[in-house]
Amino acid sequence: MKKNVAVVGYGGQGGWHANQILASDVVSLAGVYDINPAKNELAVSRGIKAYGSLEEILQDKTVDIVVVATPNDSHKSISIASMEAGKHVICEKPVMLTVAELDEVLAVSRKTGMLFTVHQNRRWDVDFLAMKSIISEGKLGKVICVESRVHGSRGIPSDWRGQKEYGGGMIYDWGIHLIDQMVQLLPGEKLKKVYCTEQHTTNFEVDDGFKLQLIYESGTTAHIEIGTLNFIAMPRFYLQSMKGSALITDWRNKAQVVYCKHWNEKEVLPVQTAAGITKTMAPRDEITVDTYEIDIPKSDVHDFYRNFVKAVDGIEPQLVTHEESRLVLSIVEAAFKSIAQGQVIDFE
């Protein structure tokens, strides 16, 4: 039997949720609510029920799940009120603005028995899934470094995402996704140090870009980067491992992989580069490396809702766990601390 879902916040992401729910095989859309009357009117014009208030949703006994798709600063209060009213909660990222806020919300989840999770939909991105499959296969050996980037050229959005009081900025926006993906790419790695710098190219109130370095106890490193004034985008993913490398330019293209099957050549001939010759940077040949592509994986973002409904029914554990959400937000806090101090910090 389908679960009834009410969406709080009918902006871009709330509208996305509403459309996904309307097309879902496991959930039904009970209605939406937004503090902006014009957005409620828009929903009604599309044949969607608009609640008159948040309280009306919380009093509706037919609503099983509440999706919180409002500006970041209001996630805590709506999530707590929903769980105390007996509703399970799917909260948009970055979930909360601080780990302390998240701990308060998780305490309410434990107290009420209502499930709480974060909508980490980017776990279903095909470029991420391709890189995850390459790393988890283990053929390329120990990971030396993973680079993850998203570049655009339109600046930070002009809505609340560009304002500090609402929890704006790209670390909270795209950054939280890429950090969550990195946690999935490097399971079991223990984070040791964090270093982050931020950019202010089109917005001076919040970060409109950043570069984040994660250094693990094993020696593996990760580079996470968001840019909003990049007219030439760098590759989405680059993997450097002991036995090869992998490159994904963007989600529309197959992953390119080079596997080193023999380290040494009998004789490396110098090659001409620019104004000199080099053996060190001489290209590999088919004798020592295999070059191949990985097909774009299949993915269905509706699996997020399918999993959450099964978790509500006690059939399987939720995919986006409290522990993962807390770790990701802890890394975000460490990044802000590094920015404020202008130095590498120990991760606790």
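Preceding block: the structure.
Residues numbered from 1 in each chain as written. Predicted model: local features only at pLDDT ≥ 70, side-chain atom pairs only at ≥ 80, totals over all residues. Heavy atoms only, no water.

Visitor: Any chance you could break down the pairing of strand β3 (residues 65-68) for me, citing the residues and the numbers?
Guide: Covered by surrounding structure in β3 are Ile65 and Val67 together with Val66 and Val68, the residues of both alternating faces. Of the strand pairs in this sheet, strand β1 (residues 3-8) and β3 are connected by four bridges, and their pairing is parallel. Note that in β3 the partner of Ala6 across the bridge is Val66. Strand direction decides the pairing type here: β3 and strand β4 (residues 88-92), joined by four bridges, are parallel. Directly across from Val68, in β4, lies its bridge partner Cys91. (Buried < 20%, exposed > 50% of the residue type's maximum accessible area, 1.4 Å probe, protein only. Helix = DSSP H or I, 4+ residues; strand = E, 2+ residues; numbered from the N terminus. Pairing = 2+ DSSP bridges.)

Visitor: Any chance you could break down the layout of surface pockets for me, citing the residues and the numbers?
Guide: Reported here for the largest pocket is a volume of approximately 820 Å³. Forming the boundary of the largest pocket are 36 residues, of which Gln13, Ala69, Thr70, Trp160 and Arg161 lie nearest the centre. Put simply, the parts of the chain that give the lining of the largest pocket at least two residues each are α1 (12-22), α4 (75-84) and α7 (171-185). Of the residues in the lining of the largest pocket, the class split is twelve nonpolar, 15 polar and nine charged. Approximately 470 Å³ is the volume attributed to the second largest pocket. Surrounding the second largest pocket, 27 residues form its lining, Val150, His151, Gly152, Trp174 and Arg236 being those nearest its centre. For the lining of the second largest pocket, the secondary structure elements donating two or more residues are α6 (126-137), β6 (143-151), α7 and β9 (221-227). No other element matches the three residues that β6 contributes to the lining of the second largest pocket. A per-class count over the lining of the second largest pocket returns eleven nonpolar, seven polar and nine charged. (1 Å grid on protein atoms, 1.4 Å probe; cavity = no way out; pocket = protein on both sides within 12 Å on 5 of 7 lines; lining within 4 Å. Points joined across faces, edges and corners; volume = space filled by probe spheres on them. Nonpolar A, V, L, I, M, F, W, Y, C, P; charged D, E, K, R; others polar.)

Visitor: Requested: an account of a nonpolar patch on the surface, with residues and values cited.
Guide: A contiguous nonpolar surface patch, about 210 Å² in accessible area, is contributed by Tyr195, Ile215 and Val344. Summarising the element assignment, Tyr195 is placed in strand β7 (residues 191-199). (Patch = residues over 30% accessible without salt bridge, like charges linked within 9 Å, V, L, I, M, F, W, Y side chains within 5 Å. Areas by Shrake-Rupley, 256 points an atom, 1.4 Å probe, with all protein chains shown as cover. Salt bridge = Lys/Arg side-chain N within 4 Å of Asp/Glu carboxyl O.)

Visitor: Explain empty space enclosed by the protein to me, using residue names and the numbers behind them.
Guide: Leftover empty space is mapped by rolling, across the atoms, a probe with the size of a water molecule. Under the criterion given, the structure shown has two cavities of 30 Å³ or more. Estimates place the volume of the largest cavity at around 50 Å³. By residue number, the principal contributor to the lining of the largest cavity is helix α9 (residues 322-341), which donates three residues. The class makeup of the residues in the lining of the largest cavity is six nonpolar, two polar and one charged. Put simply, the second largest cavity is a space of about 40 Å³. Val126, Asp127, Ala130, Ile248, Trp251, Asn253, Lys254, Ala255, Ile294, Asp295, Ile296 and Pro297 are the residues that line the second largest cavity. Here the lining of the second largest cavity gets three residues from one element, more than from any other, and that element is α6.

Visitor: Run through the nonpolar core, naming residues and quoting values.
Guide: Within soluble globular proteins, side chains that are nonpolar tend to cluster in buried spots. One finds Phe116, Met182, Leu185, Leu212, Leu214 and Leu239 to be the most contacted residues of the largest nonpolar core, which totals 97 residues. Top element by residues in this core is α7. It accounts for eight residues. With residues near it in sequence (within four places) discarded, Met182 still touches Val146, Ser148, Leu214, Tyr216, Ala222, His223 and Ile224. (Core = buried A, V, L, I, M, F, W, Y, C linked by side-chain atoms within 4.5 Å. Contact = heavy atoms within 4.5 Å.)

Visitor: Explain the pattern of salt bridges to me, using residue names and the numbers behind them.
Guide: Enumeration according to the criterion identifies 20 salt bridges in this entry. Residue Lys76 is joined to Glu104 by a salt bridge in which the shortest nitrogen-to-oxygen separation is 2.9 Å. Pair noted here: Lys76 is in helix α4 and Glu104 is in helix α5 (residues 99-112), with a separation of 28 residues, a long-range link. Of the residues examined, Lys76 reaches a relative accessible area of 22% and is grouped as partly exposed. In this structure, Asp125 engages Arg122 in a salt bridge whose closest nitrogen and oxygen atoms are separated by 3.4 Å. Classification of Asp125 by relative accessible area gives buried; the value is 17%. In the salt-bridge network here, residues are joined through shared partners; they are Asp25, Asp300, Asp303 and Arg306.

Treat this as a map of the structure, not an account of what it does.
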